[in-house]
Amino acid sequence: METQNYREELEQMRGDLARAGFGSFLIIPLKYEPGEVNTVWLQENCVRQPISTMDINEAVKDNLNSDDGIRILERYYISGEVLKRILFGDAVSEPFRLYACEQNEQPDEAAEQKSMFGLFSAYFYLFHTQTAFLCLGITYSDIAVLERICNLGYADSRAAYYYRDGSGLYEFSLDDKLREVCALAGLECFFQAGSSLFLESYIYTLAVVPRRFHYLESVRRLTFNLHQMLPLGTEMDDDSEGDVYYVYSVKSQELDSYRWGCCVTSQTICYVVADETMNLEEELCSQAEDGLPVVLLALYEKYSCLRFAQLLVTVDKRKLRLLRRLNRQMLEFRAYGTVHPSHISRWYNVRQIYQYLIETNGIDAAIEDVNNKLGVLAEHQKEVEASTNEAVMGLITLFGIVSILASLLTIIQILQGGDYWMITIVALLLIVAGAALVALWRSRE
């Protein structure tokens, strides 16, 4: 009976689903070196915003937003208009349109709507572990646009990008434009493989429909279609994916329906939200303020672990100062930078979403691996310090031997001159030097 009911509901919503509005935040992992972040450029072109969502507990927000001691996070917001100016300059004229077409195709008048997308906004998230993220917000009316841009499951890009303004149609590379923006901020791609930026991106997608849902299965089907980047009305079943989890809003007893639901996987999180006004911009702003920080916290933990692995490979193991700094960073991350799912929020469905993000990305195992690396690093530090101490002690011993020989020569010269008071003083100095050497040798043992 449940199956028949949800099928009837989806059939009744077919017209509404065809009018759905879509938006996505494409979350691109980045990294930076100490002192390389261009804070001047960020302050001139972006607006620094603290985390203010009520979906995250106050203690966690205070820890993230604190300027005292360790600053875990800095978040910068870029509006769509400013982002357009940064990417394309001031020379572009209205009307301005962006297109993501198939390779070797150009947007024609008949297909422009199916390949058109817009810049909504962007965020830079900078974390204390030398990891960062660019969250690029886009809007579109056809889910195929997102599929072309992300090309999920493949290493190459299948999208050709164009923009049209008052003077004509021009081709450009969205990857190159975004790399330039990141370089201006002093950030670089996390993986330097030369492939598309969106290969390692995490995709946060939202679909807005006008009607609420009476059956959870309806929400489940629609969010899974979003995950697959298929039209919402598509009949789709796929049991091969084992890392798919679903979370829903609380059912309204008054309306006997659900407002939203989401599908969480290792590469995507997809929301379907009911809003009778179909205000996509307002819903995207709400998701950016409430949902996006929860996802970024999980991704920060994942990529911090990967960043530490990178730094351990490249750091000069003979330089104690660098080893101590890396060890301190890892300890600070372990002590202050991780948030347990039970502490993230007062709302159970938010805790569920965060828990599924942790599970699907294997973050608990990655953090445990950081603990193991801390142990290995501590042992290596001891070895380096021991070898350094041995070298220092060797120098001290050599200096002591030379001092004794010099003192003996002085005694001989004094004996020849008959100055017995000087002999006594030099003898005492020899005794003290000998005692010091003995103490140093014993401390070595």
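Everything below is about the structure printed above this text.
Residues numbered from 1 in each chain as written. Predicted model: local features only at pLDDT ≥ 70, side-chain atom pairs only at ≥ 80, totals over all residues. Heavy atoms only, no water.

1. Details of the overall build of the chain
Then, in step 1: Helix and strand counts for the chain stand at 15 helices and 13 strands.
Then, in step 2: Scored against the burial criterion, the 445 residues of the chain give a buried share of 47%.
Then, in step 3: Within the chain, residue pairs in contact and separated by at least 24 positions form 74% of the contacts whose partners lie at least 6 positions apart.
Then, in step 4: Carbon and sulfur atoms make up 53% of the accessible area of the chain, which totals about 22,100 Å². (Helix = DSSP H or I, 4+ residues; strand = E, 2+ residues; numbered from the N terminus. Buried < 20%, exposed > 50% of the residue type's maximum accessible area, 1.4 Å probe, protein only. Contact = heavy atoms within 4.5 Å. Areas by Shrake-Rupley, 256 points an atom, 1.4 Å probe, with all protein chains shown as cover.)

2. Observations regarding the nonpolar core
Then, in step 1: Ranked by size, the top nonpolar core spans 64 residues in total, and within it Leu-26, Phe-88, Phe-124, Tyr-161, Leu-178, Leu-187 and Leu-232 carry the most contacts.
Then, in step 2: For Leu-178, the contacting residues outside a window of four places in its chain are Ile-28, Leu-87, Leu-134, Leu-136, Leu-197 and Phe-198.
Then, in step 3: Counting residues in hydrophobic clusters, the runner-up holds 56 residues, among them Ile-56, Val-294, Tyr-303 and Phe-308. (Core = buried A, V, L, I, M, F, W, Y, C linked by side-chain atoms within 4.5 Å.)

3. With respect to unusual backbone geometry
Then, in step 1: One non-glycine residue with positive phi stands out, namely Asn-104, at about 65 degrees.
Then, in step 2: At Asp-256, a residue that is not glycine, the phi angle is positive and equals roughly 55 degrees.
Then, in step 3: Residue placement: Asp-256 occurs in the loop between β11 (245-248) and β12 (260-264).
Then, in step 4: Judged by relative accessible area, which is 40%, Asp-256 ranks as partly exposed.

4. A word on the pairing of strand β4 (residues 97-102)
Then, in step 1: One ladder, built from 6 bridges, connects β4 with strand β7 (residues 159-165); its direction is antiparallel. Note that in β7 the partner of Leu-98 across the bridge is Tyr-163.
Then, in step 2: Bridge count for β4 against strand β5 (residues 116-127) is 2 bridges, and the pairing is antiparallel. In the sheet register, Leu-98 faces β5, and the bridge partner there is Phe-117. (Pairing = 2+ DSSP bridges.)

5. Some details on the pattern of salt bridges
Then, in step 1: Using the criterion set out here, one finds 16 salt bridges in the structure.
Then, in step 2: Close ionic contact of Glu-235 with Arg-7 constitutes a salt bridge, the shortest N to O distance being 3.3 Å. Separated by 228 residues along the polypeptide, Glu-235 in the loop between α9 (216-228) and β11 and Arg-7 in helix α1 (residues 2-12) bring together distant segments of the chain.
Then, in step 3: Among the salt bridges present, the one from Asp-176 reaches Arg-179, with a minimum N-O distance of 3.7 Å. Pair noted here: Asp-176 and Arg-179 are both in helix α8 (residues 174-184), with a separation of 3 residues, about one helical turn.
Then, in step 4: Of the residues examined, Asp-176 reaches a relative accessible area of 41% and is grouped as partly exposed.
Then, in step 5: Beyond isolated ion pairs, a larger network of salt bridges with shared partners links Glu-102, Glu-147, Arg-148 and Arg-158. (Salt bridge = Lys/Arg side-chain N within 4 Å of Asp/Glu carboxyl O.)

6. Quick word on the packing of helix α5 (residues 80-88) against α8
Then, in step 1: Where α5 contacts α8, the two axes come as close as 9 Å, and the packing angle between them is 100 degrees. Between α5 and α8, the angle is such that the two are roughly perpendicular. Note on element contacts: α8 touches α5 through Lys-177, Leu-178 and Val-181, opposite Ile-86, Leu-87 and Phe-88.
Then, in step 2: Taken together, the residues of the contact of α5 with α8 break down into 5 nonpolar, no polar and 1 charged. (Axes fitted to C-alpha atoms, helices over the stretch in contact; angles between N-to-C directions. Parallel < 35°, antiparallel > 145°, perpendicular 65-115°, else oblique. Nonpolar A, V, L, I, M, F, W, Y, C, P; charged D, E, K, R; others polar.)

7. Focus on the packing of aromatic side chains
Then, in step 1: All told, the structure shown has 25 aromatic pairs when counted by the stated rule.
Then, in step 2: Centre to centre, the rings of Phe-96 and Tyr-163 are 5.7 Å apart; their planes meet at 35 degrees, and the pair counts as tilted. Placement of the pair is Phe-96 in the loop between α5 and β4 and Tyr-163 in strand β7, with a sequence separation of 67 residues. For the pair Phe-96 and Tyr-163, a shared accessibility class is recorded, and that class is buried.
Then, in step 3: Where Tyr-245 meets Tyr-356, the ring centres are 4.4 Å apart and the plane angle is 15 degrees; that geometry is what we call stacked. Remark: Tyr-356 occurs in helix α13 (residues 348-360) and Tyr-245 occurs in strand β11; sequence separation between them is 111 residues. (Phe/Tyr/Trp six-rings, centres within 6.5 Å; stacked < 30°, edge-to-face > 60°.)

8. Side note on the layout of surface pockets
Then, in step 1: The volume enclosed by the largest pocket comes to roughly 390 Å³.
Then, in step 2: Taken together, 16 residues line the largest pocket, and the ones lying closest to its centre are Asp-55, Trp-260, Tyr-271, Gln-287 and Asp-290.
Then, in step 3: Of all the secondary-structure elements, those providing two or more residues to the lining of the largest pocket are α10 (280-314) and α13.
Then, in step 4: A per-element tally of the lining of the largest pocket places α10 first, with 6 residues.
Then, in step 5: Counted by class, the lining of the largest pocket contains 7 nonpolar, 5 polar and 4 charged residues. (1 Å grid on protein atoms, 1.4 Å probe; cavity = no way out; pocket = protein on both sides within 12 Å on 5 of 7 lines; lining within 4 Å. Points joined across faces, edges and corners; volume = space filled by probe spheres on them.)

9. What to know about the side chain of Thr-131
Then, in step 1: With respect to the helices and strands, Thr-131 occurs in strand β6 (residues 131-140).
Then, in step 2: Within polar-contact distance, the side chain of Thr-131 engages the side chain of Thr-129 at 3.0 Å. (Polar contact = N/O pair within 3.5 Å; in protein donor to acceptor, adjacent residues only side chain to side chain.)

10. Quick notes on α9
Then, in step 1: Counted at 1.5 Å a residue, the expected span for α9 with its 13 residues is 18 Å, and the 18 Å between its end C-alpha atoms agrees.
Then, in step 2: α9 sits mainly inside the fold: 10 of its 13 residues count as buried.
Then, in step 3: Where α9 terminates, the next one or two residues include Met-229, which has phi positive at roughly 60 degrees. (Expected span 1.5 Å × (residues − 1).)

11. Points about α13
Then, in step 1: Taking 1.5 Å of rise per residue, 13 residues should cover 18 Å, and α13 covers 18 Å from first to last C-alpha, within 8% of that figure.
Then, in step 2: Looking one or two residues beyond α13, the residue adopting positive phi is Gly-362, at roughly 60 degrees.

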